[in-house]
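# A structural walkthrough
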Amino acid sequence: MLDINNITVSVDEKTILKDLNLSVGEGELHVIMGRNGSGKSTLANILSGSDKYKISSGKITYKGEDINILSPEERSHLGIFMSFQYPVSIPGVNTMVFLRTALNSIRKARDEDEVDAADFLKIVKKNISIVGLDESFLYRSLNDGFSGGEKKRNEILQLLTLEPDLAILDETDSGLDIDALNIVARGINNYRNKKRSIILITHYQRILEHLKPNNVHILMDGKIVKSGGVDLANKIEEKGFSWLEQEA
């Protein structure tokens with residue numbers, strides 16, 4: 001699904017990622033953990049196509065295609081989705097109109113028929129029940145006046161509605177209480193199948209109690225320094241990251 005080969009990335013002349021390598025297979029869930037400033041969000045942003053970051057060397061291959069120079073829109077049309085750490089509010093943009101426009105934009109790019117209003121309403125009503133939001137949220141401005149937890153659940157609503165092949169979830173679990181965390185995890189599990197892949201960036205082990213990752217990777221100083229299973233995440237939860245520095 002995704003191969004990141006020796007990627008070096010800088011922003012404002014400062015190198016953030018350094019010869020980073022990562023491969024994600026079809027249907028796999030990979031977890032990225034690390035301290036603040038280690039490069040986790042930079043990794044998410046270069047995968048989604050942000051032009052704030054400069055790729056100095058290396059290549060990102062998605063389904064066999066080099067996507068280094070593709071725009072966020074082009075990547076979205078290919079099936080790449082990003083859930084933001086800090087979802088923005090857009091007053092005046094109706095949530096349901098936004099979702100239907102996004103879905104039909106992707107379908108149009110793939111030469112598929114657009115979804116009409118009646119069929120879309122059935123889709124989005126099913127999905128909004130999964131994320132535990134009232135249907136009234138569909139008729140409000142996008143994220144406007146939403147709590148932090150409601151914004152995160154709205155991101156998962158987008159994930160379920162757009163059905164991407166590769167989802168990059170940037171700290172979707174941060175700031176959530178236990179009930180909201182359970183709902184977000186349920187949404188991720190509803191989205192997940194044998195063909196869809198996920199890169200989940202998180203600080204916390206607790207969401208992994210609800211998910212079954214294939215790999216956990218620790219990012220330090222712009223590089224993946226250790227990979228393992230859920231036991232690695234549990235050890236980070238217990239001991240922090242300093243023991244990895246001592247190992248290095």
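The following paragraphs examine the structure supplied in this document. From a predicted model like this one, the values you see are computed outputs, not experimental measurements. (Residues numbered from 1 in each chain as written. Predicted model: local features only at pLDDT ≥ 70, side-chain atom pairs only at ≥ 80, totals over all residues. Heavy atoms only, no water.)

### A short note on the sheet that holds strand β2 (residues 14-24)
We count it as follows: DSSP bridges decide pairing: two strands pair if at least two such bridges lie between them. Here a strand is any run of E in DSSP of at least two residues, a helix any run of H or I of at least four, and the numbering for each starts at the N terminus. Contact definition: two residues touch when any of their heavy atoms are within 4.5 Å. The axes used here are C-alpha line fits, helices contributing only the stretch in contact, and every angle between their N-to-C directions lies in the interval 0 to 180 degrees.
Ordered in space as β2-β1-β4-β5, the 4 strands form an open sheet in which the pairing is antiparallel. Two strands bound the open sheet, and with one partner strand each, they are β2 and β5 (65-66). Most of the contacts of helix α1 (residues 40-48) go to strand β1 (residues 2-11), to which it runs at about 110 degrees, and overall it touches β1, β2 and β4 (54-62).

### Details of unusual backbone geometry
Definition in use: Here the term buried applies to any residue with accessible area under 20% of the maximum for its type, exposed to any over 50%, and partly exposed to those in between, with areas from a 1.4 Å probe on protein chains only.
Phi is positive for Asp 12, close to 50 degrees, though the residue is something other than glycine. The residue Asp 12 is located in the loop between β1 and β2 in this model. Taking the relative accessible area as the measure of exposure, Asp 12 reaches 72% and is therefore exposed. Of note in this structure, Asn 143 is not a glycine but carries a positive phi near 65 degrees. For Asn 143, the location among the structural elements is in the loop between β8 (141-142) and α5 (148-162).

### Quick notes on the packing of aromatic side chains
Two descriptors summarise a pair of aromatic rings, namely the distance from one centre to the other and the angle between the planes of the rings. What counts, and what does not: Pairing of aromatic side chains requires ring centres within 6.5 Å, counting the rings of Phe and Tyr and the six-membered ring of Trp. Pairs whose planes differ by under 30 degrees are stacked, by over 60 edge-to-face, and all others tilted. Counting as a charge over the ring demands two things of the Lys NZ or Arg CZ atom: a distance within 6 Å of the ring centre and an angle within 35 degrees of the ring normal.
Counted under the stated rule, the structure contains 1 aromatic pair. Considering the side-chain rings of Phe 137 and Phe 146, the 4.9 Å spacing of their centres and the 85 degrees angle between planes classify their relative orientation as edge-to-face. Each member of the pair Phe 137 and Phe 146 is classed as buried. Above the ring of Phe 137, the side-chain terminus of Arg 140 is found at 4.7 Å from the ring centroid.

### Brief notes about the packing of helix α3 (residues 95-109) against helix α4 (residues 117-130)
Selection criterion: For this classification, under 35 degrees means roughly parallel, over 145 means roughly antiparallel, 65 to 115 means roughly perpendicular, and everything else is oblique. In this count, Pro and Cys sit with the nonpolar residues alongside Ala, Val, Leu, Ile, Met, Phe, Trp and Tyr, while Asp, Glu, Lys and Arg are called charged and the others, Gly among them, polar.
Running from amino to carboxyl end, α3 crosses α4 at an angle of 110 degrees, the nearest separation of the two axes being 11 Å. As far as their axial angle goes, α4 and α3 are roughly perpendicular. Facing α3, whose interface residues are Met 96, Leu 99, Arg 100 and Leu 103, α4 presents Ala 117, Phe 120, Leu 121 and Val 124. Looking at the contact of α3 with α4 residue by residue, the classes come out as 7 nonpolar, no polar and 1 charged.

### Things to note about the pattern of salt bridges
For the record, the criterion: Salt bridges are defined by distance alone: a side-chain nitrogen of Lys or Arg within 4 Å of a carboxyl oxygen of Asp or Glu.
Going through the model one piece at a time under the given rule, you end up with 5 salt bridges. A salt bridge links Glu 112 to Arg 107; the shortest N-O distance between them is 3.7 Å. Between Lys 125 and Glu 135 there is a salt bridge, with its nearest N and O atoms 3.7 Å apart. With a gap of 10 residues between them, Lys 125 in helix α4 and Glu 135 in the loop between α4 and β8 connect regions that are remote in the sequence.

### Some thoughts on the environment of Arg 192
Rules: N or O atoms closer than or at 3.5 Å make up a polar contact, with two conditions inside protein: a donor-capable atom paired with an acceptor-capable one, and, for residues adjacent in sequence, both atoms drawn from side chains.
With respect to the helices and strands, Arg 192 occurs in the loop between α6 (178-191) and β10 (197-201). Note: C-alpha distance between Arg 192 and Leu 166 (26 residues apart in sequence) is 10.0 Å. Sequence-distant contacts of Arg 192, that is, excluding residues within four places in its chain, are made with Gly 27, Glu 28, Leu 29, Ile 198, Lys 212 and Asn 214. Among the polar contacts made by the side chain of Arg 192, one reaches the side chain of Asn 214 at a distance of 3.2 Å.

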